[in-house]
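Topology and contacts: notes
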Amino acid sequence: MTGASTVSQQRRFARWTLGWTFAFALLAGGAFLAHVTYAIGHGITEIFFLDQDFPALLIGLAVLALISPWANRASAYAWPNPDWKRIGGLILLALLVAWAGRYLVFQNYSLSRDEEMAELGAAYLRAGRLAWPIPPEWLDYRRAMVPEFYSPFGAAHYWAANYLPVNSAIRAAFAWIGDANLAPPALLAIGLGALWQSARRLFPDRPDAVWVAMLMGLTSAQLTVTAMTPYAMTGHFAFNMLWLAFMLRGDWRGHITAAAIALLTGGMHQWHFILIFLIGFLIWFALQRRWWALAFHASVCVMIVVVWQKLWPSLLIDLFGPASDIRPSAGVADKVSSLAARVLKKWYPLAYSVRFIVWNNLFLVPLAVAAVIGAGWRGLLRGPTLILPLAIGCAAGAALMTSQVYGWGFRYMHGYIGSFCLLAGYGWIAVTRNRAVSLRPILVACALALFTTGFFAWRAHVYVAPYAQSDRLIRATDADIVLLDPRGGVFATDLVRPQHGVFTRPIVLSLPLLDPAKLDRLCARYDVAIFDQTAFRPLGIPLARWQNGNTQALRDHLDARRCGRVIETNQEFQRPAPIREVSTAVAK
């Protein structure tokens, strides 16, 4: 290629970059109008948008716009070979960063109820159980101790996570090795390794495209920060990429291994996520007239539903008894209708599009779109590339932009980040059309992504720290019982947790889920403390402007009995003691 054509192509790439910068700016402006200017109220979505996503995107777009002409001025670059030594070293670094971040960023604290349930499941699985039996003397208090996200099966006598068990089983295995918190970083490394293997197969003559795909994954703030938490989404990313790597082998061993991986992925935490990933490949198998592959993997999809929607609940019913306290899913149709209702009720495409874009490399989505456009409809439907099945999964995940509440990035699309990375490799080929294009734009975007990863890790730490400190303050209280009054704090009720189902002193109960008679029994037998906004608001938990008349009535009842001392933030921390002396009968 001549120098003139190379320069012309670099100018086109610079204009393409500026065009996407302008498009993202419009999207950010639309999200600001919808969720700030004209919003009726502010929830977690709006809090995170203003604190994390909006400023990071504005800074990133400004930097990209300013340096885009300079970044595309470089001459041709000889891409190094993306061999296992180079890629393996970067993957190991990502693993270590995620593992350290669990302690440095999150202080080894699980913020959400989802994460706590993953840890609860890991605790009883490591003990060789499928649920924790609730001590008989605490049965009347079970919902005040585990307010939500519990399994309905046998819920009157057992505590179990409401999620499927594979993610918790992986954590239990790593806990047996030495540290359950190593499980997500290890899964991140496995997923990145499988992504590398797939990229090498898909782009054998384009090491630059392999590098682009890998750099998109390695610089994803969403992948890195989520791997610092017990969320099941890191497992979805890893197992989806493993499925693809084995399927691309093309032989019967590869397909059988992929089927086993898909079956395990169905039990990661909810079975529908893997089906969304696989549906694009089923369509692609049909278009490619690969009928045996279509029939085989379609039967695997049926097996996923049968095992995890039918057989697993039946096993729990046989072991622990029928559902109680809450209604379980009534079947596949009920599950689908529930998802549809959530999407229709709380669909936030603007805010979550911004969140997904900025929590990943800013070139990820543009390059993925370039791959689809560059293929054309004939290439999508008849071409041998994987652009169509990858794009279908990404589009299906994007359509489900329902409220996630907590999540670092948009976690409902976490399992499709690998697909986006491979599409970015295809997109790089479509945009550059040759190998004589500067590496500098990609490296600039990666440097920017690393900066935003640090920014997001800092903002995550700032948000989580008050909850972690509140939890430590509660656990250090020299009392038998701590009653949590959550009024005035955003998701303060999540501070009520049973320490993964293991009884330790003090026992934490949600005050709104008790009644005067239960309070009287507690006050008569135990030393009771109260944790409310006078303690957690000074620690920094965001303000929630809501009140509960029933909770106030219960506080008045406690005051009348002179029961319960309010915990203050300046008290000295003490090491939690065993609760053997507390777990005596209180229900008499």
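Thresholds applied
- Residues numbered from 1 in each chain as written.
- Predicted model: local features only at pLDDT ≥ 70, side-chain atom pairs only at ≥ 80, totals over all residues.
- Heavy atoms only, no water.
- 1 Å grid on protein atoms, 1.4 Å probe; cavity = no way out; pocket = protein on both sides within 12 Å on 5 of 7 lines; lining within 4 Å.
- Points joined across faces, edges and corners; volume = space filled by probe spheres on them.
- Helix = DSSP H or I, 4+ residues; strand = E, 2+ residues; numbered from the N terminus.
- Core = buried A, V, L, I, M, F, W, Y, C linked by side-chain atoms within 4.5 Å.
- Buried < 20%, exposed > 50% of the residue type's maximum accessible area, 1.4 Å probe, protein only.
- Contact = heavy atoms within 4.5 Å.
- Pairing = 2+ DSSP bridges.
- Axes fitted to C-alpha atoms, helices over the stretch in contact; angles between N-to-C directions.

1. Re empty space enclosed by the protein
In the structure shown here, the tally under the stated rule is 6 cavities of 30 Å³ or more. The computed volume of the largest cavity comes to approximately 120 Å³. Lining the largest cavity are 16 residues, with Asp 114, Tyr 163, Asn 167, Ala 232 and His 269 positioned closest to its centre. Put simply, the parts of the chain that give the lining of the largest cavity at least two residues each are helix H4 (113–126) and helix H6 (166–177).

2. Brief notes about the nonpolar core
Of all hydrophobic cores here, the largest spans 192 residues; its most connected members are Leu 192, Trp 243, Leu 244, Trp 408, Leu 483, Leu 509 and Phe 531. Of all the elements, helix H19 (residues 440–475) adds the most residues to this core, at 14 residues. Leu 509 has contacts with Tyr 141, Ala 144, Met 145, Ile 481, Val 482, Leu 483, Leu 484, Val 496, Leu 514 and Leu 522, leaving out every residue within four places of it along the chain.

3. Description of unusual backbone geometry
In the segment running from Arg 505 into Pro 506, the intervening peptide bond is cis, with an omega of 5 degrees. Within the secondary structure, Pro 506 sits in the loop between strand E4 (504–505) and strand E5 (507–510). Phi at Gln 107 is positive, roughly 55 degrees, even though this residue is not glycine. You can see Gln 107 is positioned in the loop between helix H3 (84–104) and H4.

4. Quick word on the sheet that holds strand E3 (residues 481–484)
With parallel pairing, 4 strands are arranged side by side in an open sheet as E5-E3-E6-E7. Looking at which strands have only one partner, the edges of the open sheet turn out to be E5 and strand E7 (565–566). Inspection of the sheet shows strand E6 (residues 528–531) paired to E7 by 2 bridges, in the parallel sense. Counterpart to Ala 529 in the pairing with E7 is Arg 565. Along the sheet face, H19 touches E3, E5 and E6 and points at about 170 degrees away from the line of E6. Against the sheet, helix H20 (residues 516–525) touches E3, E5 and E6, its axis set at about 145 degrees to E3.

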